[in-house]
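Okay, here's what each chain looks like letter by letter:
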Amino acid sequence: MSISPAPALLPCAELHLHIEGTLEPELIFELAARNGITLPYADLAELRARYEFTDLQSFLDLYYANMEVLRTEADFADMTRSYLRRAAAAGVRHVEMMVDPQAHMLRGIPLQTCINGVAGVLADSLEEFGVSSELIAAFLRDRPVEEAEDVLRQLLALNAPIVGIGLDSAELGNPPEGFIELYRMAREAGLKCVAHAGEEGPSHYIEQALDLLLVDRIDHGVRCLDDSGLVDRLVRDRIPLTICPLSNVRLRSVDTLADHPLPQMLARGLNVSVNSDDPAYFGGYVDDNFRLLQATFDLSVDQLQELAVNSVEASFATPARRAELLEMISTWRTAQQAGS
Ligand code: ADE
Ligand code: ZN
């Protein structure tokens with residue numbers, strides 16, 4: 001099979017990214033050594049051998065275990081900096097990054113350590129990497145809701161620089177309906193709201209996230225295709241879905257990338273964007289996702305442009321930054337025409 005040439009770097013916004021999911025194996029070993037932690041893997045090869053997932057939970061087990069190496073503000077800062085460097089090279093020009101403060105607090109790391117480490121680097125991301133950024137505090141849906149509410153109260157008391165909240169971790173059996181009060185608190189505080197829904201869970205979790213949590217966009221949402229009435233609603237109301245193709249393959253939502261419904265979703269008029277989710281675990285960053293989609297589906301310049309424009313339209317960037325991002329995409333489009 002011949003692989004199509006990679007498209008010139010497409011500028012886009014990355015809206016679905018867990019910063020802890022960017023911990024590359026090399027950095028895990030480096031931080032473990034720095035913090036005097038003995039890892040349960042002898043070397044990189046032994047760690048990498050664990051990256052065969054059967055479902056979301058099998059991934060989450062490793063994801064939470066590897067967080068153990070994050071102990072100090074400098075650890076969180078180094079992880080954030082290495083993601084931004086790689087994302088900039090992938091064409092990302094704006095990122096809305098999720099962090100799991102609750103997961104760190106559960107293992108005894110103070111909230112400030114995690115937030116200051118990540119947010120301190122994000123404060124200079126535009127100047128340093130050419131990537132504007134926002135931070136989203138995600139809450140764990142497989143933990144008691146009161147715990148999440150307590151963490152949100154602490155984030156608000158600290159005046160943490162977050163643009164919104166999210167809901168992640170094990171989806172099946174943990175529907176959005178349990179988190180109504182958490183999302184009410186967030187909205188009242190002026191925060192944006194997103195939630196993972198319809199990744200492994202059924203399509204009615206997407207409806208619950210919209211109707212009960214009043215989210216601004218849905219993370220994943222691929223299972224909406226099981227309900228044509230819901231798809232009609234998502235199209236009509238232009239609800240953004242942050243799609244993560246390589247994640248869906250690695251967590252076995254689809255058998256292969258060729259089975260991924262992204263082209264159908266685009267054709268159906270859904271606002272879908274391309275994101276990397278946990279790139280260190282799922283085989284690639286945003287550019288890898290685009291390159292493999294391109295090789296699999298031979299996406300047209302129009303389709304690539306639409307995906308990038310969708311990402312900007314679905315973002316929480318300021319109107320001025322959105323205009324800049326759209327201009328970058330137009331410039332990319334002109335360069336494509338000149339090169340063809
Ligand atoms: N936490 C990190 N990555 C996740 C994913 N893909 N789904 C749910 N929770 C997550
Ligand atoms: Zn995710």
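About the cut-offs
- Residues numbered from 1 in each chain as written.
- Chains lettered and ligands numbered in written order.
- Predicted model: local features only at pLDDT ≥ 70, side-chain atom pairs only at ≥ 80, totals over all residues.
- Heavy atoms only, no water.
- Helix = DSSP H or I, 4+ residues; strand = E, 2+ residues; numbered from the N terminus.
- Buried < 20%, exposed > 50% of the residue type's maximum accessible area, 1.4 Å probe, protein only.
- UniProt positions renumbered as here; feature names shortened; annotations may be inferred.
- Contact = heavy atoms within 4.5 Å.
- Pairing = 2+ DSSP bridges.
- Right-handed = clockwise from strand over helix to strand, strands pointing away.
- Core = buried A, V, L, I, M, F, W, Y, C linked by side-chain atoms within 4.5 Å.

Details of unusual backbone geometry
Where the residue is not glycine, phi is negative for most of them; where a peptide bond is considered, it is trans in most cases. Of note in the backbone geometry, Leu214 takes a positive phi value of approximately 55° without being a glycine. By secondary structure assignment, the location of Leu214 is in the loop between helix H10 (203-211) and strand S6 (217-220). The exposure class assigned to Leu214 is partly exposed, which follows from its relative accessible area of 42%. The backbone phi angle of Asp277 is positive, close to 65°, even though this residue is not glycine.

Details of the UniProt feature "active site" (unreviewed entry) in the chain
Following the UniProt record, one finds the feature "active site" (unreviewed entry) at Glu199. With respect to the helices and strands, Glu199 occurs in the loop between strand S5 (192-197) and H10. What makes Glu199 buried here is its relative accessible area of 7%. Beyond its immediate sequence surroundings of up to four residues, Glu199 is in contact with Leu56, Glu171, His220, Val222, Arg223, Ser247, Leu251, Ser253 and Asp277.

Observations concerning the pairing of S6
Where S5 lies against S6, four bridges are found, and the strand directions are parallel. Paired with Val194 across the bridge in S6 is Arg217. For S6 and strand S7 (residues 240-243), the ladder comprises two bridges, and the chain directions are parallel. When the bridges of S7 are listed, Ile218 appears paired with Leu241. Regarding topology, helix H11 (residues 228-236) serves as the crossover connection from S6 to the parallel S7, and that connection is right-handed.

Thoughts on the nonpolar core
Ranked by internal contacts, the top residues of the largest apolar core, which has 107 residues, are Tyr83, Tyr183 and Tyr281. Aside from chain neighbours lying at most four places away, what touches Tyr83 is Glu14, Leu17, Ile19, Thr22, Val92, Val95, Met97 and Tyr285. Membership of the second largest hydrophobic core comes to six residues, among which are Ile136, Ala138, Val163 and Val194.

Concerning the environment of Ser311
Relative to the helices and strands, Ser311 is located in helix H16 (residues 301-313). A C-alpha to C-alpha distance of 10.0 Å links Ser311 and Arg322, two positions eleven residues apart in sequence. The residues contacting Ser311, other than those within four sequence positions of it, are Cys12, Ala13, Leu15 and Ser273.

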